[in-house]
Amino acid sequence: TSTFDVLRIREDFPILNRKVNGQPLVYFDNAATSQTPQQVIDVIVDYYSNYNANIHRGVHALSQEATDAYEQARIKLQKHFNIPQAYQTLFTSGTTHGINIVASGFSEILKAGDEIIVSALEHHSNIVPWQMLCEKTGAVLKVIPMTDSGELDMNAFDALLSAQTKLVFVNHVSNALGTVNPIEEIIAKTHQVGGAVLVDGAQASPHIKADVQALDVDFYVVSGHKMCGPTGVGMLYGKEAWLEKLPPYQGGGEMIDQVTFEKTTYAGLPHKFEAGTPNICGGIAFGAAIDYMNAIGFDAIAAYEHELLVYATQQLLEIEDLRIYGESKDKTAVISFNVGSIHPYDIGTILDKLGVAVRTGHHCAQPIMDFYKIPGTVRASFSFYNTKEEIDVFVAAVKKAVSMLG
Ligand code: PMP
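None of these values were measured; they are calculated from a predicted model.

Here is what the cut-offs are and how they apply
- Residues numbered from 1 in each chain as written.
- Predicted model: local features only at pLDDT ≥ 70, side-chain atom pairs only at ≥ 80, totals over all residues.
- Helix = DSSP H or I, 4+ residues; strand = E, 2+ residues; numbered from the N terminus.
- Rg over C-alpha atoms; globule rule 2.2 N^0.38 Å.
- Buried ≥ 20, exposed ≤ 12 C-beta atoms within 10 Å, placed from the backbone.
- Contact = placed C-beta atoms within 7 Å.
- Arc of directions from axis to C-beta.
- Domains from an automatic or database assignment.
- Nonpolar A, V, L, I, M, F, W, Y, C, P; charged D, E, K, R; others polar.
- Expected span 1.5 Å × (residues − 1).
- pLDDT = per-residue confidence, 0-100.

Can you lay out the overall build of the chain for me, pointing to particular residues and giving the numbers?
For the chain, the count of helices and strands is 14 helices and 17 strands. The C-alpha atoms of the chain give a radius of gyration of 22 Å, which matches the 22 Å a tight globule of 406 residues would have. If one aligns the C-alpha atoms of the chain with their principal axes, the spans along those axes are about 70 × 55 × 35 Å. Counting across all 406 residues of the chain, residues that qualify as buried make up 46%. When contacts within the chain are restricted to residue pairs at least 6 apart in sequence, those whose partners lie at least 24 apart make up 71%.

Listed below in structure tokens is the structure:
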């Protein structure tokens, strides 16, 4: 048993005290969004109470304070992901935005016949932008197939790679199944054929501290709201040469050098990709969330969450006809399951009545559901502030739902 002081940590999260349908909340929808600690809430309140101002343009004190705090938050992200330079650490509105910046930029680089590889385990946000890109450029989309255990078929990946491979897009961790993908191998092999790799770190970032230089990844994207930060803010890391090469995504203020009606020249990095007034408070709060998680420590978080995963898996498997999808040895604390032919939505509805929040449906990953020939799953996803006692409540609630529906 661990020495992880989860009860202390829970005191940081005011929302965990609330009741839902008269029952204490058991929040197991962390893969959709994480909860926010008081330390981050305080930063948000402080910003709007004391130094709310637009950044990068005012000479007045508030504007400078806001600019300093925002740029310090950028440096927190830079350090966390071991990014070489702060200007390669771009603020975005989230993972989806980061992916679209890269996809849109590549529409001016790719030619007909070039190949893009995505994985069968992707979130829709890492599928649809590439399909749109292929339609625009005539590039061809190839898919790394998955296996029954919810892992990527790496032999098939080897066979897909060729001199035509220009880009590979893969998530670090699958949000639907929790599988940790072998991104090191994917990156190294793609580089051997001269392609670039974008890793979607949305689901990995709350559990794994990625080092973009050690990974040698070309692009890495995350969302603040999965890491105890607010919604509407995220990060895109890119290798400098790529960020210089890609055209801007949006035009507007902040992203220019000189503007005349004859010709506009663009600002340097990171401003080239940060048109318009950004989510200033969100960026500052994202930095605070990263500080909060690092103070607990990612190794401690991963070890504790793994304990929760093992504990919950053992108990759930005692339920007759319960099938867990995704049996990779390397997975984060996500359990996607169905019981017999009961519709996942029906289980989710009963769990909600009992105060247990889970996600039901296709989890924005319809191709995975099609692979298993199911309409969706019930997905319980754990965070470092969850407890074994909550898992007991959840398992009892699943049993009750099954006895009512079965
Ligand atoms: N990729 C993965 C793996 C995700 O889990 C999510 C969020 N569910 C996204 C992308 C999209 O992130 P966002 O909605 O924050 O842009």
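How would you sum up helix α12 (residues 344-353)? Please name residues and give values.
All of the buried residues along α12 are Pro344, Ile347, Gly348 and Leu351. Angularly, the buried residues of α12 cover 100 degrees about the axis, an arc narrow enough to put them on a single face. The secondary structure elements touched by the buried residues of α12 are β14 (334-339), β15 (356-357), β16 (359-361), β17 (377-381) and α14 (388-405).

Can you break down the domain arrangement of the chain residue by residue, with the values?
Assigned domains within the chain: domain 1 (6-30 + 298-405) and domain 2 (41-294). One C-alpha centre belongs to domain 1, the other to domain 2; they are set 28 Å apart. In this complex, domain 1 contributes 21 residues to the contact, which on the side of domain 2 involves 22 residues. Secondary-structure elements contributing two or more residues to the side of domain 1 that touches domain 2 are α11 (298-316), β14 and α13 (366-372). With 4 residues, α11 is the largest single contributor of residues to the side of domain 1 that touches domain 2. The residue inventory of the side of domain 1 that touches domain 2, partitioned by class, reads 11 nonpolar, 6 polar and 4 charged.

I'd like a rundown of helix α4 (residues 95-106), residues and numbers included.
For α4, which comprises 12 residues, the first-to-last C-alpha distance of 17 Å matches the rise-based estimate of 16 Å (1.5 Å per residue) to within 8%. Within α4, 11 of the 12 residues are buried, which leaves the element mostly enclosed by the surrounding structure. Taken together, the buried positions of α4 are occupied by Thr95, Thr96, His97, Gly98, Ile99, Asn100, Ile101, Val102, Ala103, Gly105 and Phe106.

Give me the lowdown on the confidence of the model for the chain, citing residues and values where you can.
When pLDDT is averaged across the chain, the result is 95; 100% of the residues are at 70 or more. Among the prediction metrics, the complex's ipTM stands at 0.97, with pTM recorded as 0.96.

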